[in-house]
Amino acid sequence: MRALLDTSVLIGEVAPHGVEGAISVASISELHFGVLVADSDDERARRAARLAAVEAAFDPLPVTVEVARVWGQLAAAVLLRGANPRRRQVGLLIAATAAVEQVPLLTYYLDDFRLISDLVDARLP
C-alpha cells in the first residue's frame, strides 16, 4: 500500500509494515523543530539522529500550489465545522499533501482528522 507518513509515525518506534511510504516536507520542518526544542543534550542527539535517518531515507514531497489550495479547503472545513484549524496547521498541510497524492495518511493522531474524515483518508499505521 502507498501512503503518506505523518510526523507522528516518523518518530514512532515501529515502522509500518507493507507500506510504500512517502513524507511531506512539512514533516521535515516538524522534526527540525523537535531537535531545536529538545530539553536535554541526550534527547537532542536522539532527535537529530532520527532526523538524519529520515532525511536519508526519503525524498520529501514539496508543498505545491495544489497542496496549498487543498490545505486552505481543509482548514476552512475545520473552521466551518466548529474547530480551530490553527491548532494543527502542519498536520493539515501533511493531510493536504496526502489528498493531492491520492494516498491515505498514516497517523497516530487520528482524532485530529476525525472532523474532516470525509475529506481526509487518515488511518492508524
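Read on for an overview of the structure. (Residues numbered from 1 in each chain as written. Predicted model: local features only at pLDDT ≥ 70, side-chain atom pairs only at ≥ 80, totals over all residues. Heavy atoms only, no water.)

## Thoughts on the overall build of the chain
No. 1: When helices and strands are tallied, the chain shows five helices and four strands.
No. 2: For 125 residues, the compact-globule estimate of 2.2 N^0.38 gives 14 Å, and the chain sits close to it at 14 Å.
No. 3: With respect to the three principal axes, the spread of C-alpha positions in the chain is 40 × 30 × 25 Å.
No. 4: Within the span of the chain, comprising 125 residues, buried residues form 37% of the whole.
No. 5: Put simply, of all contacts in the chain between residues at least 6 apart along the chain, 54% involve residues at least 24 apart.
No. 6: Of the accessible surface of the chain, which amounts to about 7200 Å², a share of 56% is contributed by carbon and sulfur atoms.
No. 7: Looking at the chain, you have 12 positive and 16 negative side-chain charges, and the mean spots of the two groups are 5 Å apart. (Helix = DSSP H or I, 4+ residues; strand = E, 2+ residues; numbered from the N terminus. Rg over C-alpha atoms; globule rule 2.2 N^0.38 Å. Buried < 20%, exposed > 50% of the residue type's maximum accessible area, 1.4 Å probe, protein only. Contact = heavy atoms within 4.5 Å. Areas by Shrake-Rupley, 256 points an atom, 1.4 Å probe, with all protein chains shown as cover. Lys, Arg positive; Asp, Glu negative; His and termini not counted. Charge placed at Lys NZ, Arg CZ, Asp CG, Glu CD.)

## Looking at helix 5 (residues 89-101)
No. 1: An ideal rise of 1.5 Å per residue puts 18 Å on 13 residues; helix 5 measures up with 18 Å between its terminal C-alpha atoms.
No. 2: Residues Gly 91, Leu 92, Leu 93, Ile 94, Ala 95, Ala 96, Thr 97 and Ala 98 constitute the buried set of helix 5.
No. 3: In this structure, the buried side of helix 5 is in contact with strand 1 (2-5), helix 1 (7-10), helix 2 (25-36), helix 4 (65-80) and strand 3 (105-106).
No. 4: Gln 102 sits one or two residues past helix 5 and shows a positive phi near 60°. (Expected span 1.5 Å × (residues − 1).)

## Overview of the sheet that holds strand 2 (residues 20-22)
No. 1: Within the open sheet, the four strands sit side by side as 2-1-3-4. Their pairing is parallel. Two strands close off the open sheet at either side, each with one partner strand: strand 2 and strand 4 (122-123).
No. 2: Where strand 1 and strand 3 come together, two bridges link them in parallel fashion. Pairing of Leu 5 across the sheet is with Leu 106, part of strand 3. (Pairing = 2+ DSSP bridges.)

## Regarding the pattern of salt bridges
No. 1: Overall, the coordinates contain 10 salt bridges when judged by the stated rule.
No. 2: Close ionic contact of Arg 44 with Asp 41 constitutes a salt bridge, the shortest N to O distance being 3.0 Å. Pair noted here: Arg 44 and Asp 41 are both in helix 3 (residues 41-57), with a separation of three residues, about one helical turn.
No. 3: What makes Arg 44 partly exposed here is its relative accessible area of 30%.
No. 4: Taking the relative accessible area as the measure of exposure, Asp 41 reaches 62% and is therefore exposed.
No. 5: Residues joined by salt bridges that share partners form a network here, namely Asp 6, Glu 30, Arg 87, Arg 88 and Asp 112. (Salt bridge = Lys/Arg side-chain N within 4 Å of Asp/Glu carboxyl O.)

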